[in-house]
Amino acid sequence: MTLSKAWRFESLGMKDMQQILPQHRHRGQIKKPTWIIVLLSLVCVFLVVAYIYPPQTSTACYIFSASGCQTLSSWLPPAVRELSDAEIASRVVIDNILNTPPVESKNPKIAFMFLSVGSLPFEKLWDKFFQGHEGRFSIYIHASRDKPVHSSNYFVNREIRSGKVEWGTVSMVDAERRLLANALKDPDNQHFVLLSDSCVPLRDFDYVYNYLMYTNISFIDSFSDPGPHGSGRYSEHMLPEVEKKFFRKGAQWFTMKRQHALVVMADSLYYTKFRDYCKPGMDGRNCYADEHYLPTFFHMHDPNGVANWSVTHVDWSERKWHPKSYEKKEISEQLLKNITSITESVHVTSEERPETTIIPCMWNGMNRPCYLFARKFLPETVDSMIDLFSNYTAKT
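Predicted model only: the values in this text are computed from it and were never measured.

1. Details of the pairing of strand β1 (residues 109-116)
Counting buried residues in β1 gives eight out of eight residues, a clear majority hidden from the surface. Residues Lys-109, Ala-111, Met-113 and Leu-115 of β1 are buried on one face, and the alternating residues Ile-110, Phe-112, Phe-114 and Ser-116, pointing to the opposite face, are buried as well. Direction of pairing for β1 relative to strand β3 (residues 189-196): parallel, over a ladder of seven bridges. For Leu-115, the partnering residue across the bridge sits in β3 and is Ser-196. With seven bridges joining them, β1 and strand β2 (residues 137-143) adopt parallel strand pairing. Looking across to β2, one finds that Met-113 is bridged to Tyr-140. Each parallel crossover has a hand, and for β1 linked through helix α7 (residues 123-130) to β2 it is right-handed.

Structure, rendered in structure tokens:
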């Protein structure tokens, strides 16, 4: 019987064998992916329902994560936030200004805005810088403490009505806005440069004029610093308009095109947030509005319109609260050469393990020297700088 059965099996063809052999393995391969799809669908429905109707008890939350219900919602895309009336109005004004083609001037000028406590120790140096270029620049001085005594005719009667300025407070931003408001009165002013009383020019006037006037961006420093002196200064009181992910840091010293100057003057909503919630001692933090307001504001509203570096060089290598000050013995042609040859912008975070970001200084698609001005030069260096400036700029 066994041999006859074996013979019959050998005589059968492949089609006959398939009919005789059990089919459960083949059917199992069809059902398996079906059950996986059904299971995944149920899980997705469950998650969506849990997101829309989140569990309210701590026990239910613990089912998803020991850290609570927020972890579950973080898996899903954030809900679109409804803007307030003030935010909608602000964005409409900002967008309209940015999208309006700039009015061309027959005599475009650069507005040089000096933020000072009184007299400008480098007026004689700036006098040499401006000579022969009358009609291509304007000067504005915000002297917060003493009335300046001038040594150059270019600076006579160029003071604006000023207010008290305290380091580290929003009064620094207020002074910047006063300077911009006065400079904007002249329709020929097309680019605006903020300078301190310790700033010096590194290049001749023509070089600076061409650098600033023939580019379509503003040189505003803006970078992300997750450390305690960056995002660590953020206050949740700025919500909902200013979220922590948008919070940026940067140097105070900027240059900006006219459209951006108009946007700054039109803003009240975001300025108010920084005025009220970015100040020394706020929530146990020291937040400085002049380092965060403009970098954050332009990162939010026109990130591609700013260079993300400042054209004013400042040496922070000493890692102190204030930058390095240059003394008379340090003034040399090599110093100027070292600064003017820099073609990369360096940002260092304030984390326990600092991270360094290096980006090339791009100007109209080409890598260029980063700096046109520098600080912080002590008054004792003025004569040395005057002697050096003419010789150095003639060579470069």
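2. A closer look at the sheet that holds β3
Taken in spatial order, the four strands line up as β2-β1-β3-β5 in an open sheet, and their pairing is mixed. The open sheet has two edge strands, β2 and β5 (255-257), and neither has a second partner. Each neighbouring strand pair of the sheet contributes to a mean axis angle of 20°, computed without reference to strand direction. Along the sheet face, helix α10 (residues 258-266) touches β3 and β5 and points at about 95° away from the line of β5.

3. Quick word on the packing of aromatic side chains
Overall, the coordinates contain 31 aromatic pairs when judged by the stated rule. Ring centres of Phe-114 and Trp-126 lie 5.3 Å apart, and the angle between their planes is 80°; on these two criteria the pair is classed as edge-to-face. Here Trp-126 lies in helix α7 and Phe-114 lies in strand β1, a separation of twelve residues in the sequence. Judged by relative accessible area, Phe-114 falls into the buried class, the value being 1%.

So, how was this worked out
Residues numbered from 1 in each chain as written. Predicted model: local features only at pLDDT ≥ 70, side-chain atom pairs only at ≥ 80, totals over all residues. Heavy atoms only, no water. Buried < 20%, exposed > 50% of the residue type's maximum accessible area, 1.4 Å probe, protein only. Helix = DSSP H or I, 4+ residues; strand = E, 2+ residues; numbered from the N terminus. Pairing = 2+ DSSP bridges. Right-handed = clockwise from strand over helix to strand, strands pointing away. Axes fitted to C-alpha atoms, helices over the stretch in contact; angles between N-to-C directions. Contact = heavy atoms within 4.5 Å. Phe/Tyr/Trp six-rings, centres within 6.5 Å; stacked < 30°, edge-to-face > 60°.

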